[in-house]
Amino acid sequence: MVEFGLDTFGDVTAGPDGKRVSYAQVIRDVVAQAVLAERVGVDAFGVGEHHRDDYAVSAPEIVLAAIAGRTSTIKLGTAVTVLSSDDPVRVFERFATLDAVSNGRAEITLGRGSFTESFPLFGFELRDYEKLFSEKLDLMATLLDEGPVTWEGTVRAALDAQHVYPKTESGRISTWIGVGGSPESVVRAASHRLPLVLAIIGGDPVRFAPYVELYHRALSELGAEPLPVAVHAPGFVADTDQEAADTLWPHMRVNRDRIGRERGWPPMTRRAFDADLTEGALHAGSPETVAQKIARTVRALGITRFDLKYSHGTLPHDAMMRSIELYGTEVIPRVRELLAH
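All values reported here derive from a predicted model rather than from experimental measurement. (Residues numbered from 1 in each chain as written. Predicted model: local features only at pLDDT ≥ 70, side-chain atom pairs only at ≥ 80, totals over all residues. Heavy atoms only, no water.)

Enquirer: Hey, could you run me through the overall build of the chain in this one?
Expert: A tally of helices and strands in the chain yields 11 helices and 12 strands. The C-alpha atoms of the chain give a radius of gyration of 19 Å, which matches the 20 Å a tight globule of 341 residues would have. Projected onto its principal axes, the C-alpha positions of the chain cover 60 × 45 × 40 Å. Counting over 341 residues, the chain shows a buried share of 54%. Summarising the internal contacts of the chain: among those between residues at least 6 apart in sequence, 72% fall at separations of at least 24. Surface accessibility of the chain: about 14700 Å² in total, with carbon and sulfur atoms responsible for 54%. Distance between charge centres in the chain, computed from 36 positive and 47 negative side chains, equals 3 Å. (Helix = DSSP H or I, 4+ residues; strand = E, 2+ residues; numbered from the N terminus. Rg over C-alpha atoms; globule rule 2.2 N^0.38 Å. Buried < 20%, exposed > 50% of the residue type's maximum accessible area, 1.4 Å probe, protein only. Contact = heavy atoms within 4.5 Å. Areas by Shrake-Rupley, 256 points an atom, 1.4 Å probe, with all protein chains shown as cover. Lys, Arg positive; Asp, Glu negative; His and termini not counted. Charge placed at Lys NZ, Arg CZ, Asp CG, Glu CD.)

Written out as structure tokens, the structure reads:
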């Protein structure tokens with residue numbers, strides 16, 4: 001059975017007066033969004049980790065712990081945990097603690113992250129980008145077994161038959177690897193026998209089918225059991241297609257153009273935005289439109305979870321709450337109906 005989740009980066013939003021909302025209020029709003037998500041039947045809720053001024057969440061585990069205290073069934077994870085600039089032992093400890101306070105609902109999605117601000121912030125060199133992730137992922141995979149850990153690398157102190165606490169009640173924290181679509185990253189996820197999350201933020205999702213096939217083939221060649229594949233993709237739900245497009249466009253444009261200036265991209269045009277709505281990765285529109293597009297993505301890729309990234313720059317809290325409500329009450333039931341036929 002396919003699961004349906006929601007992801008947010010805790011984007012700093014605009015209030016009714018058009019001014020930036022405080023970081024504190026954004027974090028409180030994220031908690032409220034997660035509570036609503038559970039109420040309307042969403043299966044999982046993911047919070048991103050960023051260390052820059054346009055996002056409020058730099059410590060997702062704490063936000064997720066607050067959500068855990070106000071929910072009872074929804075899975076609580078990250079989108080993503082930037083493992084390269086963190087310490088795997090501390091990551092394990094924090095998530096094992098979250099798993100305890102949430103009664104076993106914690107999940108981790110490990111990744112490199114799409115920004116690099118955390119590297120200088122925590123004293124890491126960008127030239128070590130590949131080595132940091134590779135070695136720390138190797139250690140993290142060992143920690144997840146929850147036995148004595150013996151490990152040696154170049155990016156942190158060695159461990160010799162060391163136990164890490166607390167242990168979880170289930171014996172393992174649910175852990176995924178998030179990838180942007182490089183074959184090497186897909187094979188690495190398979191080699192560590194970890195479920196795969198494909199971050200599809202541009203282009204037709206169907207073009208990612210070869211990566212799913214590569215992942216399953218790599219698992220098979222390693223003699224591993226089949227593992228789940230999820231998709232994380234942007235989207236927004238409103239009562240009509242026109243309302244969704246007109247509401248989302250100005251906020252998404254500002255967010256995308258800011259990142260584009262940092263990365264040398266041209267400004268986003270309304271034509272490109274509209275094309276992404278109809279042909280690309282943006283799962284936005286009326287409940288029926290979004291449901292049809294999600295069902296197409298699920299079928300084409302054979303995935304077991306779809307996570308809608310519902311926050312977009314300064315998009316206001318009220319608009320996101322309405323989107324969450326429609327996603328849970330109308331989109332998810334409709335997708336299940338479509339997939340059943």
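Enquirer: Just checking my understanding: could you explain helix 6 (residues 183-191) for this structure?
Expert: Three or more residues of helix 6 are buried, namely Ser185, Val186, Arg188, Ala189 and Ala190. Here the buried face of helix 6 lies against helix 5 (129-143), strand 8 (174-179), strand 9 (196-199) and helix 7 (209-221). The first or second residue beyond helix 6 is Arg193, which carries a positive phi of 55°.

Enquirer: Would you mind showing me how to read the layout of surface pockets here?
Expert: One simple way to see leftover space: roll a probe sized like a water molecule over the atoms. Taken as a whole, the second largest pocket encloses approximately 160 Å³ of empty space. For the second largest pocket, the full set of lining residues is Asp11, Val12, Arg20, Asp54, His251, Val254, Asn255, Arg258, Gly313 and Thr314. (1 Å grid on protein atoms, 1.4 Å probe; cavity = no way out; pocket = protein on both sides within 12 Å on 5 of 7 lines; lining within 4 Å. Points joined across faces, edges and corners; volume = space filled by probe spheres on them.)

Enquirer: Which parts of the structure should I look at to understand the packing of aromatic side chains?
Expert: Given two aromatic rings, one states the distance between the centres and the angle between the planes to describe the pair. All chains considered together, the criterion is met by 6 aromatic pairs. Look at Tyr55 and Phe115: their rings are 6.0 Å apart centre to centre, the planes differ by 50°, and that puts the pair in the tilted class. Here Phe115 lies in the loop between strand 5 (107-111) and helix 4 (118-121) and Tyr55 lies in the loop between strand 2 (44-47) and helix 2 (60-68), a separation of 60 residues in the sequence. Judged on exposure class, the residue Tyr55 and its partner Phe115 are both buried. Their ring planes at 50° and their centres at 5.2 Å tell us that Trp249 and Phe273 sit as a pair that is tilted. Of the two residues, Trp249 sits in helix 8 (residues 241-263) while Phe273 sits in helix 9 (residues 270-279), which places them 24 residues apart along the sequence. Here Trp249 and Phe273 have matching classes, each one buried. By way of ring pairs, the aromatic residues Phe9, Tyr55 and Phe115 are connected into one cluster. Just above the ring of Tyr165 sits the side chain of Lys167; from NZ or CZ to the centre is 5.1 Å. For the cation-ring pair, Lys309 lies above Phe9, with the distance from its terminal atom to the ring centre recorded as 4.5 Å. (Phe/Tyr/Trp six-rings, centres within 6.5 Å; stacked < 30°, edge-to-face > 60°. Lys NZ or Arg CZ within 6 Å of the ring centre and 35° of its normal.)

Enquirer: Help me out: how do you make sense of helix 11 (residues 317-339) in this one?
Expert: Along an α-helix, residues three or four apart share an orientation, since each turn contains 3.6 residues. The end-to-end C-alpha separation of helix 11 is 31 Å, in line with the 33 Å expected for 23 residues at 1.5 Å each. Of all the bends in helix 11, the greatest measures close to 40° and is centred on Tyr327. His317, Ala319, Met320, Ser323, Ile324, Leu326, Tyr327, Gly328, Val331, Ile332, Val335 and Leu338 are the residues of helix 11 that are buried. In this structure, the buried residues of helix 11 make contact with strand 1 (3-8), helix 1 (23-39), strand 10 (229-237), helix 8, helix 10 (287-301) and strand 12 (305-309). (Expected span 1.5 Å × (residues − 1). Bend = angle between axes of the 7 residues up to and from the residue.)

Enquirer: Just checking my understanding: could you explain unusual backbone geometry for this structure?
Expert: As a rule of thumb, non-glycine residues mostly have phi less than zero, and peptide bonds are mostly trans rather than cis. Note that the residue after Ala79, namely Val80, is joined by a cis bond; omega there is 5°. Here Val80 shows up in the loop between strand 3 (75-78) and strand 4 (81-82). Phi is positive for Asn103, which is not a glycine, with a value near 60°. Following the sequence through the fold, Asn103 ends up in the loop between helix 3 (88-101) and strand 5. Residue classification places Asn103 among the exposed positions, given a relative accessible area of 66%.

Enquirer: Looking at this structure, how should I read the pattern of salt bridges?
Expert: Any two side chains of opposite charge can pair, so long as their charged atoms come close to each other. Under the counting rule described, the total for this entry stands at 29 salt bridges. Across the pair Asp53 and Arg258 runs a salt bridge, and its minimum N-O distance is 2.7 Å. Of this pair, Asp53 sits in the loop between strand 2 and helix 2 while Arg258 sits in helix 8, placing them 205 residues apart in sequence. The closest approach of N and O atoms between Asp87 and Arg156, which form a salt bridge, is 2.7 Å. Placement of the pair is Asp87 in the loop between strand 4 and helix 3 and Arg156 in the loop between strand 6 (149-151) and strand 7 (159-162), with a sequence separation of 69 residues. By relative accessible area, Arg156 is classed as partly exposed at 23%. (Salt bridge = Lys/Arg side-chain N within 4 Å of Asp/Glu carboxyl O.)

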